[in-house]
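# Architecture at a glance
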Amino acid sequence: MTLRIGIIGCGAIGQDHARRLHFKLQGATVVALNDIHREATEAFSEASGIRARVYEHYQDLIQAPDVDALLIASWGPAHEEQVLACIDAGKPVFCEKPLATSAAGGLRIVEAEVKAGRKLVQVGFMRRYDAGYRQLKQTLQAGTIGDALMVHCAHRNPSVPEMYVGDMNITDTHVHEIDVLRWLLDDDYVSCQVIEGRKSRHAHAGLHDPIMVLLETRQGIRIDTEIFVACRFGYDIQCHVVGETGVASLPEPMSVPLRSQGRQGGAILMDWKMRFIDSYDVELQAWIDDTRKGLVTGPTAWDGYFASATAEACVEARRSKSIAPVRIAERPDFYARA
Ligand code: ISE
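For clarity, every value in this text was computed on a predicted model and none was experimentally measured.

### Points about the domain arrangement of the chain
By the assigned domains, the chain splits into domain 1 (3-127 + 278-300) and domain 2 (131-271 + 307-325). Domain 1 puts seven residues into the contact, and the matching count from domain 2 is 14 residues. Summing both partners gives a buried area of about 1100 Å² for domain 1 against domain 2, and 57% of it is carried by carbon and sulfur. The largest share of the area that domain 1 buries against domain 2 comes from Lys97, Phe125 and Arg127, three residues that together contribute 65% of it. The interface formed by domain 1 and domain 2 contains two salt bridges. With a shortest N-O distance of 2.9 Å, Arg127 and Glu177 are connected by a salt bridge. The interface formed by domain 1 and domain 2 contains six residue pairs in polar contact (both at pLDDT 80 or more).

Rendered as structure tokens:
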């Protein structure tokens with residue numbers, strides 16, 4: 001059975017996913033689209049060759065009898081309501097991060113899913129599907145560097161749009177480290193702190209950039225992450241795990257090492273969509289395969305809630321300029337770790 005998918009939110013990433021699902025991956029077809037910009041979506045539907053039906057209201061798209069599963073790539077504040085509507089309709093849904101923009105919103109989704117009695121939600125934390133992070137996790141699991149003690153990370157973007165302001169460096173950007181490090185270390189967070197660095201002259205008015213976020217895990221592992229979204233030089237993701245007997249690092253993306261014009265080096269990616277492009281394919285193929293079997297094996301609603309609650313604690317820590325506890329509700333058995 002080919003999985004018939006409806007997509008809510010057809011901006012840049014929604015369009016990329018639509019093409020990926022429809023033309024590149026196996027076992028799925030895109031049959032329905034919805035976006036607040038209806039005309040642009042109709043134009044995309046035609047120009048891309050997908051030729052899916054465009055719905056004015058996402059509620060109608062979710063209810064459509066020929067839509068088996070949903071992918072949500074609308075803007076973050078709309079996610080909670082849309083995911084809840086999918087659960088209500090009993091349809092599997094892949095939701096881009098963040099699952100919800102507040103801890104309370106994430107918890108409402110968790111509660112709705114538990115009530116529905118089966119897992120329907122997967123969250124788009126694609127770094128878990130990245131070959132480099134997977135190799136790093138295998139290295140840690142093999143015990144090659146002993147137990148992890150500290151982790152040093154950097155999440156650098158060359159620039160961000162004007163609409164990226166306030167705490168988005170936590171809720172939109174650092175949320176990736178929040179999820180992937182929890183998965184990598186198989187641990188949960190207990191406290192956090194945010195330190196603002198000297199402000200770069202390239203940061204726009206509504207944003208303090210760079211910042212440093214410190215997390216402490218239940219096992220006492222300390223994590224520092226530099227988030228620098230106007231770094232100008234490239235899209236640069238670093239992760240170095242310090243263990244008892246060694247350091248294991250996230251592999252750099254492949255690029256041709258150059259010796260040329262009196263210099264030695266290689267290119268650095270500029271576009272974040274390219275850095276994890278392969279992991280999007282692996283992630284969505286796994287989601288299609290799982291959904292056809294009625295399973296969710298990727299990041300769950302619980303993981304999405306955990307990320308939103310941790311991000312919220314970081315925002316609180318930033319406001320209070322102090323170390324804030326990461327307060328998490330009791331995990332329902334439904335989401336017990338394997
Ligand atoms: C964007 O939404 C992402 O998901 C990227 O991975 C991140 O690097 C960027 O800062 C976000 O705005």
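### Some remarks on the pattern of salt bridges
For the structure on display, the rule yields 23 salt bridges. Put simply, Asp281 and Arg20 hold a salt bridge, and the shortest N to O gap is 2.7 Å. With a gap of 261 residues between them, Asp281 in helix α9 (residues 277-292) and Arg20 in helix α1 (residues 12-24) connect regions that are remote in the sequence. Both residues of the pair, Asp281 and Arg20, count as buried. Where Arg275 meets Asp130, a salt bridge forms, and the shortest distance between an N and an O atom there is 4.0 Å.

### Comments concerning the site of the ligand
Contacts to the ligand come from Lys97, His155, Asn157, Tyr164, Asp172, Thr173, His176, Tyr235 and Trp272. In the environment of the ligand, an oxygen atom lies 3.1 Å from a nitrogen or oxygen atom belonging to the side chain of Lys97. Between the ligand and the protein, one listed contact pairs an oxygen atom with a side-chain N or O atom of His176 at 2.8 Å. Because more than half of its atoms lie within 2 Å of the grid, the ligand is assigned to the largest pocket. The biggest single contributor to the shell around the ligand is helix α7 (residues 168-185), with three residues.

### A word on the environment of Tyr305
Summarising the element assignment, Tyr305 is placed in helix α10 (residues 301-320). Residue Tyr305 is classed as buried on the basis of its relative accessible area, which comes to 4%. It is 11 Å that separates the C-alpha atoms of Tyr305 and Glu111, two residues lying 194 residues apart in sequence. Residues in contact with Tyr305, not counting those within four places in the same chain, are Leu99, Ala103, Gly106, Leu107, Val110, Arg327, Ile328 and Ala329.

What counts as what
- Residues numbered from 1 in each chain as written.
- Predicted model: local features only at pLDDT ≥ 70, side-chain atom pairs only at ≥ 80, totals over all residues.
- Heavy atoms only, no water.
- Domains from an automatic or database assignment.
- Contact = heavy atoms within 4.5 Å.
- Buried area = accessible area lost by both parts, 1.4 Å probe.
- Salt bridge = Lys/Arg side-chain N within 4 Å of Asp/Glu carboxyl O.
- Polar contact = N/O pair within 3.5 Å; in protein donor to acceptor, adjacent residues only side chain to side chain.
- Helix = DSSP H or I, 4+ residues; strand = E, 2+ residues; numbered from the N terminus.
- Buried < 20%, exposed > 50% of the residue type's maximum accessible area, 1.4 Å probe, protein only.
- Near = heavy atom within 4 Å.
- 1 Å grid on protein atoms, 1.4 Å probe; cavity = no way out; pocket = protein on both sides within 12 Å on 5 of 7 lines; lining within 4 Å.
- Sits in = over half its atoms within 2 Å of the grid points.

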